[in-house]
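Residues per chain are reported as follows:
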Amino acid sequence: MDRPASRLDFAVIGHQDSWANIHTFVNRIRTPEQGTLSVEKVKAIFPFIPARDLFRVTVTSRTGDTIKGVYIDTFIEPDKLGVTNLRTNLRKVEDAIAFAKKLEAPIVALGGFTSIFLEGELSPYASSNTRFTTGNTLTSAFIVKGVEQAAVENQLDLRSASVLIIGATGDIGRACVGYFQSRVNNLLLCARNKRRLERLAGEVKAGGGRCTSAIELSTLLPRADVIICVASSSNLALAGVKPEAIICDAGYPKNLFRDAADRPGFLFHGGMGQVEGGYRFEPDYTDSFYQYPAPDIIHGCILEAMVLAFEKRFENYSSGRGNITVEKVEEIYRLSLKHGIALAPFFNDNGLCPTRPKVSSI
Amino acid sequence: MKTATPSLTTSETFSVVSDLFSQAITGELIGMSNFASLAETIDDYEEKMEAVEHADSERSHAEGFLHFAKEAGLQVNINLEGEYWRSVREQFLAYAGKRDFIACLFIQEVILESFAVSMYTDVGDALGGEAGKLFRSIAEEEKEHLDHSTEILREELRKDATAFVDKIEEVHFNCMTILAQFSATTDLRGHCGVCHGSCMKADLHHVGLDSATMRGNALALYARALDNIGIPGEKSMVWIAQLPA
């Protein structure tokens with residue numbers, strides 16, 4: 001494909017997490033004369049659209065460098081992320097990967113569900129100079145640093161705390177386990193696959209950590225001082241949770257019920273970063289896609305590709321499952337700070353949380 | 001009489017299959033007329049002969065569908081003056097009148113062939129048997145037209161990308177708007193003038209089809225055709241989102 005486009009430094013492959021966002025996006029594009037489309041009509045068109053670039057992204061580093069990227073949507077339906085649609089969705093991710101290769105993006109982040117391609121070792125690398133990353137390492141970094149910051153602000157000593165990780169055997173879940181196993185009193189691990197969960201719990205114990213594991217979430221919730229949600233589930237209920245528990249929902253789509261933010265205690269959407277130098281979309285769809293209560297917030301997985309592009313480190317940085325080490329978490333976090341990409345202020349569905357994290361610097 | 005299409009056994013399926021053939025034959029005749037008009041816009045004699053050859057190809061497709069329909073005893077209604085087909089033809093002729101070869105090529109070989117290839121494939125898969133085979137084989141031949149235009153249009157884009165994208169955008173809205181109205185779940189501009197009685201879309205389930213999926217697949221193929229030409233995705237997304245639905 002010959003395109004009238006300038007050179008790209010990175011690309012991001014993703015999908016939307018709600019029909020409400022998609023509905024807003026489509027109708028934002030339409031003129032008053034064309035009229036608005038109902039959600040049903042949008043649903044009848046959107047899933048058929050093949051993967052394509054929706055907008056260009058320009059990002060500025062604290063160093064003054066500027067990079068240009070592109071966002072490619074897979075047009076995966078937000079309510080069809082389960083196993084029954086796996087084949088269709090994988091084909092859509094494949095299409096998006098092929099699209100990114102045609103655009104000759106040197107580094108591509110596979111965000112949200114699409115990371116399954118790299119986590120599952122379904123190699124998209126063949127015959128291409130394009131490199132891919134799930135972005136899970138920087139997402140993990142923002143989650144663990146966010147939890148530490150939230151603990152400080154809520155006067156919780158993590159060394160005496162029980163930290164529950166929902167989705168513990170996933171790539172990000174394992175990274176959180178690895179980070180916190182020597183930093184907290186007790187890990188509570190929850191995942192759907194019993195065999196994988198028991199193996200992970202065994203690894204934690206062999207490493208000198210204390211942990212309890214269960215596939216039933218209800219048995220672990222009442223014991224948790226901190227809850228990290230990184231599962232591929234949605235609408236999880238928080239029955240029996242301590243009122244003062246700190247909760248980090250880093251799922252995409254969100255793991256918890258939408259009204260979870262109304263409960264007492266401290267709940268924030270984790271894994272998010274904020275770009276000090278700002279980012280710009282062209283066309284500007286920020287009112288449809290990236291509506292956050294503070295400017296220049298974006299997902300950690302996307303930011304990882306940007307950081308790697310700033311660093312000109314075109315490599316498969318986050319790939320496979322269970323390969324994220326504490327050293328890599330620290331490395332990518334340090335690099336992100338170098339470029340003015342820091343932990344986002346705490347927020348949830350109700351807006352900004354009353355306090356905000358202290359921005360670290362190197 | 002042909003009996004290889006099992007879906008002709010009830011009055012509902014007979015009616016739907018008759019309408020499917022009616023639309024296909026009318027569409028092929030529109031294509032034949034368009035290619036004949038396209039020949040008028042071309043100076044290069046080799047390209048002119050090729051356009052006439054394509055017109056003859058569309059004629060043979062129409063003839064193939066017509067022959068099958070007669071053999072099967074279908075009730076065929078051919079109407080080149082029906083609301084949507086006539087409007088598409090008028091758009092084509094407006095550009096042909098200006099000797100705008102690129103616009104004509106885009107209407108006939110990208111817009112109309114995308115819909116033809118996609119919908120014939122869907123119909124062929126659903127009908128099966130001899131009828132299905134006929135639709136699928138003609139879809140394959142139409143695909144060659146689609147591929148043929150891509151190279152020419154890519155070359156045109158290379159010469160002046162901005163002017164080319166602007167022109168294609170204009171043609172898209174002038175012509176795709178009609179097809180979008182035509183293929184919407186309910187005809188947005190009234191009866192097509194080809195189907196017998198009421199619109200066949202509500203009855204497509206009798207032969208294992210549904211209009212939303214057919215329309216979606218056609219738009220998907222059209223979007224891929226735009227990609228292959230080199231239209232930026234951010235443009236084609238907007239073009240598709242702005243169509244009537």
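Being a predicted model, the structure only gives us computed values, none of them experimental. (Residues numbered from 1 in each chain as written. Chains lettered and ligands numbered in written order. Predicted model: local features only at pLDDT ≥ 70, side-chain atom pairs only at ≥ 80, totals over all residues. Heavy atoms only, no water.)

1. Points about the sheet that holds strand 6 (residues 162–166) of chain A
Residues and elements named next belong to chain A. Spatially, 8-7-6-9-10-11 is the arrangement adopted by the six strands of the open sheet, whose pairing is parallel. If you trace the sheet from one side to the other, it starts and ends with strand 8 (211–214) and strand 11 (266–269), each paired once. For this sheet, the mean angle separating the axes of adjacent strands, direction not counted, is 15°. (Pairing = 2+ DSSP bridges. Helix = DSSP H or I, 4+ residues; strand = E, 2+ residues; numbered from the N terminus. Axes fitted to C-alpha atoms, helices over the stretch in contact; angles between N-to-C directions.)

2. A few points about the pairing of strand 12 (residues 272–275) of chain A
Residues and elements named next belong to chain A. Side-chain alternation along strand 12 places Met272 and Gln274 on one buried face and Gly273 and Val275 on a second face that is also buried. Inspection of the sheet shows strand 12 paired to strand 14 (residues 297–299) by three bridges, in the antiparallel sense. Bridged to Gln274 within strand 14 is Ile297. Relative to strand 15 (residues 341–343), strand 12 runs antiparallel, the two being bridged by three bridges. Pairing of Val275 across the sheet is with Ile341, part of strand 15. (Buried < 20%, exposed > 50% of the residue type's maximum accessible area, 1.4 Å probe, protein only.)

3. Brief notes about the layout of surface pockets
Put simply, the second largest pocket is a space of about 520 Å³. Lining the second largest pocket we find 28 residues, and of these Ser118, Asn217, Ala220, Leu221 and Arg224 of chain B sit closest to its centre. Counting residues per element, the ones that place at least two in the lining of the second largest pocket are helix 3 (86–102) of chain A together with helix 4 (101–127), helix 5 (129–159) and helix 7 (211–229) of chain B. Per-element tally for the lining of the second largest pocket: the top contributor is helix 5 of chain B, with seven residues. Of the residues contributing to the lining of the second largest pocket, the split by class is 11 nonpolar, seven polar and 10 charged. (1 Å grid on protein atoms, 1.4 Å probe; cavity = no way out; pocket = protein on both sides within 12 Å on 5 of 7 lines; lining within 4 Å. Points joined across faces, edges and corners; volume = space filled by probe spheres on them. Nonpolar A, V, L, I, M, F, W, Y, C, P; charged D, E, K, R; others polar.)

4. Regarding the pairing of strand 2 (residues 52–60) of chain A
Residue and element names in this part refer to chain A. Across the nine residues that make up strand 2, a large majority, eight, are buried. Where strand 2 lies against strand 3 (residues 66–73), eight bridges are found, and the strand directions are antiparallel. Its bridge partner lying in strand 3, Arg56 is registered against Val70. Taking the residues between adjacent antiparallel strands as the criterion, strand 2 and strand 3 are bridged by five residues, where Gly64 takes a positive phi near 100°.

5. Side note on the pattern of salt bridges
Residue and element names in this part refer to chain A. By the definition in use, this model includes 28 salt bridges over all chains. When the shortest N-O distance is used, the salt bridge between Asp9 and Arg7 registers 2.8 Å. Taking relative accessible area as the criterion, Asp9 reaches 10% and is therefore assigned buried. Taking relative accessible area as the criterion, Arg7 reaches 64% and is therefore assigned exposed. Between Arg313 and Glu315 there is a salt bridge, with its nearest N and O atoms 2.9 Å apart. (Salt bridge = Lys/Arg side-chain N within 4 Å of Asp/Glu carboxyl O.)

6. What about the domain arrangement of chain A?
All names here are of chain A. What the domain assignment reports for chain A is domain 1 (10–137 + 273–343) and domain 2 (142–272 + 345–352). The centre of domain 1, based on its C-alpha atoms, is set 24 Å off from the matching centre of domain 2. Tallying the contact residues gives 31 residues for domain 1 and 23 residues for domain 2. Considering only the side of domain 1, the residues that lose the most area to domain 2 are Pro293, Arg321 and Leu343, jointly responsible for 26% of the buried surface there. In this structure, the connection of domain 1 to domain 2 is made through one salt bridge. A salt bridge links Glu330 to Lys145; the shortest N-O distance between them is 3.0 Å. At the boundary of domain 1 with domain 2, the tally comes to six residue pairs in polar contact (both at pLDDT 80 or more). Looking at the side of domain 1 that touches domain 2, the elements that each hand over two or more residues are strand 12, strand 14, helix 9 (300–310), helix 10 (326–338) and strand 15. The biggest single contributor to the side of domain 1 that touches domain 2 is helix 10, with five residues. (Domains from an automatic or database assignment. Contact = heavy atoms within 4.5 Å. Buried area = accessible area lost by both parts, 1.4 Å probe. Polar contact = N/O pair within 3.5 Å; in protein donor to acceptor, adjacent residues only side chain to side chain.)

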